[in-house]
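# Fold and contact review
Residue-level listing of the chains:
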Amino acid sequence: MLAPFSDSPNSPLSPDEITRVERFIAAYNAIDNRLGQILGAEQTFRSSVDQFARQNPWWRDAETLRLFATIRNFLVHEKQLPFDYPVVPGEAAVREIEAIRQRFLRPATLGEEFRREVLVLHPRAPLQNALELIAQRGLSRFPIYENERFFGLLTENGVARFLAAQVVARRNFDAQTPIENVLPRETKRRNYRFAATKTPVSQAAYWFAQNTFLEAILISENGEQSRELIGIVTRGDVAGWSD
């Protein structure tokens, strides 16, 4: 990750080494400035990283940035002559901190990656409507709305539990059963959550990892459930996500 540097007059830094140092420091400073803007506090880079990581447990670059803070401090505080850097970051280290800068300053968002048509069903619509969409279009999750009122998320699993209960009770299945009668068969734990368009995809992936009952994240402009849905994210959409 680091290339040792001798301060001997016979071993000057090459243009490539100077460029790598400058790229490293520039990326570091950009991240530092953005952290200050977000947190609104004057503190050390490491303290800012720690605070942001506590507030955003989905963030995965904190440990790497703590290491890079040590390297940056060594570069800046141990230099005693112009271009007399005690170490030179390797190309891999420079590319990594630049990638972190890109992720941090311009993260991929749900609005950018998963804006799509969302089919919404009415609570008093017949279950047959959902079954036809499952069979014909391969859909498996349906937000249930009446005007701006959100009733819940109907899923294949919930439908399967409803049908199983009909079989066990020896009832005749009626495809005209209102969807609102099927919703109670969904998991007792909330299987959805709402998110704003600016939510980082990495954060959504973290939510799925932390909640095995989560079936879908519903996207509205500001994350409110009474607003028009402009996208939907499922567990499979973000599996193995990498910015």
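Computed from a predicted structure; not experimentally measured.

## Overview of the packing of helix α3 (residues 62–77) against helix α4 (residues 91–105)
Put simply, α3 and α4 touch, their axes get as near as 11 Å, and they point 125 degrees apart. Between α3 and α4, the crossing angle belongs to the class labelled oblique. As for how α3 packs across α4, the hand of that crossing is left-handed. Taken together, the residues of α4 that come into contact with α3 (itself represented by Thr 64, Leu 65 and Phe 68) are Ala 93, Glu 96, Ile 97 and Ile 100. For the contact of α3 with α4, the residue count by class is 5 nonpolar, 1 polar and 1 charged.

## Considerations on the packing of aromatic side chains
Aromatic rings in a pair are described by how distant their centres are and how their planes are angled relative to each other. This structure, assessed with the given rule, holds 9 aromatic pairs. Note on Phe 24 and Phe 68: the rings are 5.4 Å apart at their centroids and 85 degrees apart in plane angle, and the pair reads as edge-to-face. Taken together, the residues Phe 24 in helix α1 (residues 15–39) and Phe 68 in helix α3 connect sequence positions 44 residues apart. With a relative accessible area of 0%, Phe 68 lands in the buried category. A connected cluster of aromatic rings, assembled from ring pairs, spans Tyr 145, Phe 150, Tyr 192 and Phe 194. Between Arg 190 and the ring centre of Tyr 192, over which it is positioned, the NZ or CZ distance is 5.2 Å. Its end group placed over the ring of Trp 207, Arg 193 keeps NZ or CZ at 3.6 Å from the ring centre.

## Notes on the pairing of strand β5 (residues 192–196)
In summary, the side chains of a regular strand alternate between the two faces of the sheet. Where β5 meets strand β6 (residues 216–220), 5 bridges bridge the pair, whose relative direction is parallel. Counted as the bridge partner of Phe 194 is Leu 218 from β6. The handedness of the β5 to β6 crossover, carried by helix α9 (residues 201–210), is right-handed.

## A short note on the environment of Arg 46
Here Arg 46 shows up in helix α2 (residues 45–55). Along the primary structure Arg 46 and Arg 66 are separated by 20 residues, whereas in three dimensions their C-alpha atoms are 6.1 Å apart. With residues near it in sequence (within four places) discarded, Arg 46 still touches Arg 66, Ala 69 and Thr 70. Side chain to side chain, Arg 46 and Thr 70 meet in a polar contact 3.0 Å long.

## Regarding the sheet that holds β5
Pairing is mixed across the open sheet formed by 3 strands, whose spatial order is β5-β6-β7. Looking at which strands have only one partner, the edges of the open sheet turn out to be β5 and β7 (229–234). Each adjacent strand pair in this sheet contributes to an overall mean axis angle of 25 degrees, direction not counted. With 5 bridges joining them, β6 and β7 adopt antiparallel strand pairing. Within β7, the position partnered with Ala 216 by the bridge is Thr 234. Each of β5, β6 and β7 touches α9; the most contacted strand, β6, lies at about 150 degrees to it.

## Notes on the confidence of the model for the chain
A residue-level look at the chain finds 93% of positions with pLDDT of 70 or above and a mean pLDDT of 89. For the stretch residues 3–11, pLDDT sits under 50, and the model shows 15 contacts to residues farther than four places along the chain or on other chains.

## Here's the deal with the pairing of strand β4 (residues 149–155)
Burial analysis of β4 places 5 of its 7 residues in the buried class, the great majority of the element. One ladder, built from 6 bridges, connects strand β3 (residues 141–146) with β4; its direction is antiparallel. Bridging across to β4, Pro 143 finds its partner in Leu 153. Two successive antiparallel strands, β3 and β4, enclose a turn made up of 2 residues, where Asn 147 displays a positive phi of approximately 55 degrees.

## Quick word on the layout of surface pockets
Of the pockets and cavities examined, the largest pocket occupies roughly 360 Å³. Phe 52, Trp 58, Phe 104, Pro 107 and Pro 200 are the residues nearest the centre of the largest pocket, which is lined by 18 residues in total. Sorting the residues of the lining of the largest pocket by element identifies α1, α4 and α9 as the ones contributing at least two each. For the lining of the largest pocket, the element with the most residues is α4, which contributes 4 residues. Looking at the second largest pocket, its volume works out to about 260 Å³. Lining the second largest pocket, in full, are Arg 116, Glu 117, Val 118, Leu 119, Arg 137, Gly 138, Leu 139, Ser 140, Arg 141, Pro 143, Ile 232 and Thr 234. Elements with a contribution of two residues or more to the lining of the second largest pocket: β3 and β7. Of the residues contributing to the lining of the second largest pocket, the split by class is 5 nonpolar, 3 polar and 4 charged.

Calculation rules
- For every chain, the first residue of its written sequence is number 1, and the numbers climb from 1 along that sequence.
- Selection of residues for local features in this predicted model requires a pLDDT of at least 70, selection of side-chain atom pairs for listing and counting requires 80 or more, and totals for whole chains, interfaces and linings are taken over all residues.
- The side-chain quantities take in all heavy atoms of the structure and omit both hydrogens and water.
- For helices, the fitted line uses only the C-alpha atoms of the stretch in contact; every axis is such a line through C-alpha atoms, and the angle between N-to-C directions lies from 0 to 180 degrees.
- By definition, any uninterrupted DSSP run of H or I lasting at least four residues is a helix, any uninterrupted run of E lasting at least two residues is a strand, and each is numbered from the N terminus.
- Each angle gets one of four labels, with under 35 degrees taken as roughly parallel, over 145 as roughly antiparallel, 65 to 115 as roughly perpendicular, and the rest as oblique.
- Here a crossing is taken to be left-handed if its near helix is turned anticlockwise relative to the far helix by less than a right angle, and right-handed if that turn runs clockwise.
- In this analysis, two residues are considered to be in contact whenever any of their non-hydrogen atoms come within 4.5 Å of each other.
- Residues are sorted three ways: Asp, Glu, Lys and Arg are charged, Ala, Val, Leu, Ile, Met, Phe, Trp, Tyr, Cys and Pro are nonpolar, and all the rest, Gly among them, are polar.
- Only rings of Phe, Tyr and Trp enter the pairing, Trp through its six-membered ring, and a pair is recorded when the two centres are within 6.5 Å. The plane angle decides the type: under 30 degrees is stacked, over 60 is edge-to-face, the rest tilted.
- With a 1.4 Å probe rolled over the protein chains alone, any residue whose accessible area is under 20% of its type maximum counts as buried; one over 50% counts as exposed, and the rest are partly exposed.
- Both a distance and an angle decide whether a charge sits over a ring: NZ of Lys or CZ of Arg must be within 6 Å of the ring centre and within 35 degrees of the ring normal.
- Two strands are counted as paired when DSSP detects at least two bridges linking them.
- Seen with the strands pointing away from the viewer, any crossover whose path from the first strand over the helix to the second strand runs clockwise is right-handed.
- In the analysis that follows, any N or O atom pair within 3.5 Å is treated as a polar contact, provided that within protein one partner can donate a hydrogen and the other can accept it, and provided that, for residues neighboring in sequence, both atoms belong to side chains.
- pLDDT measures the predictor's confidence residue by residue and takes values from 0 up to 100.
- Grid points spaced at 1 Å and placed over the protein atoms alone form the basis of the search, with a cavity being a set where a 1.4 Å probe fits but cannot get out and a pocket an open set showing protein on both sides within 12 Å along at least five of seven lines. Lining residues have an atom within 4 Å of a point.
- Grid points are joined across faces, edges and corners, and a volume is the space filled by probe spheres set on the points.

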